Amino acid sequence: MNISSPQPSLKILILSTPVGALGSGLGGGVELTIANLARELQSRGHRIDIIAPMGSDLGDLSMIQIPGELQLTAQTQENAASIVMPGNPVLANMWAKARAIQADYDIIFNTAFDWLPFYLTPFFDLPIAHFVSMGSQIAAIDAAIEGVAIDFPGTIGVCTRTQAETFSFADLCCVVGGSGVDPAVYQYCDTPADALAWLGRISPEKALEDAVAAAERTGIKLKIMGKIQDLAYWEKIQCDYPHAPIEYLGFLPTHELQQALRNCRGMLMTPRWIEAFGNVAIEALACGVPVIAYRRGGPAEIITDGKTGFLVEPDSVEGLVVAIDRLDEIDRSDCRHAAETVFSQAAWGNVIESWFYRLVG
Ligand code: HBI
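As a starting point, this report considers the structure included with it.

### Focus on the layout of surface pockets
Empty pockets left among the atoms are what a rolling probe the size of a water molecule brings to light.
Right, on to step 1. Counted as a void, the second largest pocket has a volume near 210 Å³.
Right, on to step 2. Along the walls of the second largest pocket sit 16 residues, with Val176, Gly177, Phe277, Val342 and Phe343 positioned nearest its centre.
Right, on to step 3. Of all elements in the fold, only α10 (298-302) and α13 (345-360) reach the threshold of two or more residues within the lining of the second largest pocket.
Right, on to step 4. When residues in the lining of the second largest pocket are grouped by element, the largest group, 3 residues, is from α13.
Right, on to step 5. Taken together, the residues of the lining of the second largest pocket break down into 10 nonpolar, 5 polar and 1 charged.
Right, on to step 6. Structurally, the lining of the second largest pocket is a two-domain feature, drawing no fewer than three residues from each of domain 1 (11-180 + 344-360) and domain 2 (183-340).

### Some words on the pattern of salt bridges
Right, on to step 1. A complete count under the given rule lists 20 salt bridges for this structure.
Right, on to step 2. One salt bridge in this structure joins Arg265 and Asp194, with 3.0 Å as the shortest N-O distance. Of the two residues, Arg265 is situated in the loop between α8 (254-261) and β11 (266-269) and Asp194 in the loop between β7 (174-175) and β8 (195-199); the sequence distance between them amounts to 71 residues.
Right, on to step 3. Its relative accessible area of 16% is what places Arg265 among the buried residues.

### Remarks on the sheet that holds strand β9 (residues 221-225)
Right, on to step 1. Pairing in this open sheet of 6 strands is parallel, and the strands run β10-β9-β8-β11-β12-β13 from one edge to the other. Edge positions in the sheet fall to β10 (246-250) and β13 (309-312), since each has one partner strand and no second. Here the strands of the sheet are splayed against their neighbours by 20° on average, with no regard to which way each runs.

### Remarks on the packing of helix α6 (residues 208-218) against helix α7 (residues 231-240)
Right, on to step 1. At their nearest, the axes of α6 and α7 sit 10 Å apart, and the two run at 20° to each other. Between α6 and α7, the angle falls in the class roughly parallel. The chirality of how α6 crosses α7 is right-handed. Contacts between α6 and α7 pair Leu208, Glu209 and Val212 from the former with Tyr233, Trp234 and Ile237 from the latter.
Right, on to step 2. Each residue belonging to the contact of α6 with α7 can be placed in one class, and the counts come to 5 nonpolar, no polar and 1 charged.

Cut-offs used in this document
Residues numbered from 1 in each chain as written. Predicted model: local features only at pLDDT ≥ 70, side-chain atom pairs only at ≥ 80, totals over all residues. Heavy atoms only, no water. 1 Å grid on protein atoms, 1.4 Å probe; cavity = no way out; pocket = protein on both sides within 12 Å on 5 of 7 lines; lining within 4 Å. Points joined across faces, edges and corners; volume = space filled by probe spheres on them. Helix = DSSP H or I, 4+ residues; strand = E, 2+ residues; numbered from the N terminus. Nonpolar A, V, L, I, M, F, W, Y, C, P; charged D, E, K, R; others polar. Domains from an automatic or database assignment. Salt bridge = Lys/Arg side-chain N within 4 Å of Asp/Glu carboxyl O. Buried < 20%, exposed > 50% of the residue type's maximum accessible area, 1.4 Å probe, protein only. Pairing = 2+ DSSP bridges. Axes fitted to C-alpha atoms, helices over the stretch in contact; angles between N-to-C directions. Parallel < 35°, antiparallel > 145°, perpendicular 65-115°, else oblique. Left-handed = near helix turned anticlockwise from the far one by under 90°. Contact = heavy atoms within 4.5 Å.

And the structure:
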């Protein structure tokens, strides 16, 4: 029997997304990816430091906060957009810091979906594991990612196969998942109130309006949680659906979020774009909450239709309404079980840890 010697502990430098301070909600699912990965790898004896924009706060996790102007979000730009950075860019300042301290680490974990980190990769002296957090957005960024995928094989991580297929170099990507949840953080609920949930950045690509339309059609209260990233978009939804039974609870930290989420009959996921993963789906499952999602992108690889929720025709409000009527068919303990096994933080930690060992090795 081959008892492999325990692998050495790694010194890992995580580079944050530059679109918002960690903890602000502007970083979307990447905030949970970073927090859960750091905690899981620390529990395995690895050393983690995080470089992030000023104002970032993830509780106990050590944060190197960097000043500078936030980066424009990629998904709001055209495919043919030039590479842009603001004056005094926090992205460049973060990577200058990483260059200065790189000798203290074994590996960098990059979570920025931006041109610069991929361009800088050959200038660094240590492996960089790139976590690509979205599907294809801007051709110039795609080209920079492809360059690294070719010159540094195995260093491009994506959440799902569907997301990889939005890139011409899908076969050069490693599917590593988007996050994993610690079941102990989420309280299972078997007796929900008659309410639905919607979680996410309030921004056009998330198509909250479809969930609001379904709430208006069914008359079931929709609890909305997440950062208002596009205020005009949020106000338009409220104007277009004045009578929908919705309640906005704000951007909540995980403990408060799961207290509101667990008490819902189901969660609606209505991505207009190809959602790379959908961390909120595994948070719902951890609470025992079935997920009704458009059959598109990450959620279609997370939800088992008819078992942990329902996958419906993309962009079909009617499809959402029909699935809402079927929620009682789902055994909520099946949802919880999926979060305790396939989508657990420990299972995901194994995938990421072995990815890092391959790159450091
Ligand atoms: N846009 N330019 C840019 N860089 C990012 O890192 C980035 C983004 N848009 C969204 C985003 N990251 C996160 O919300 C991911 O979770 C998708």
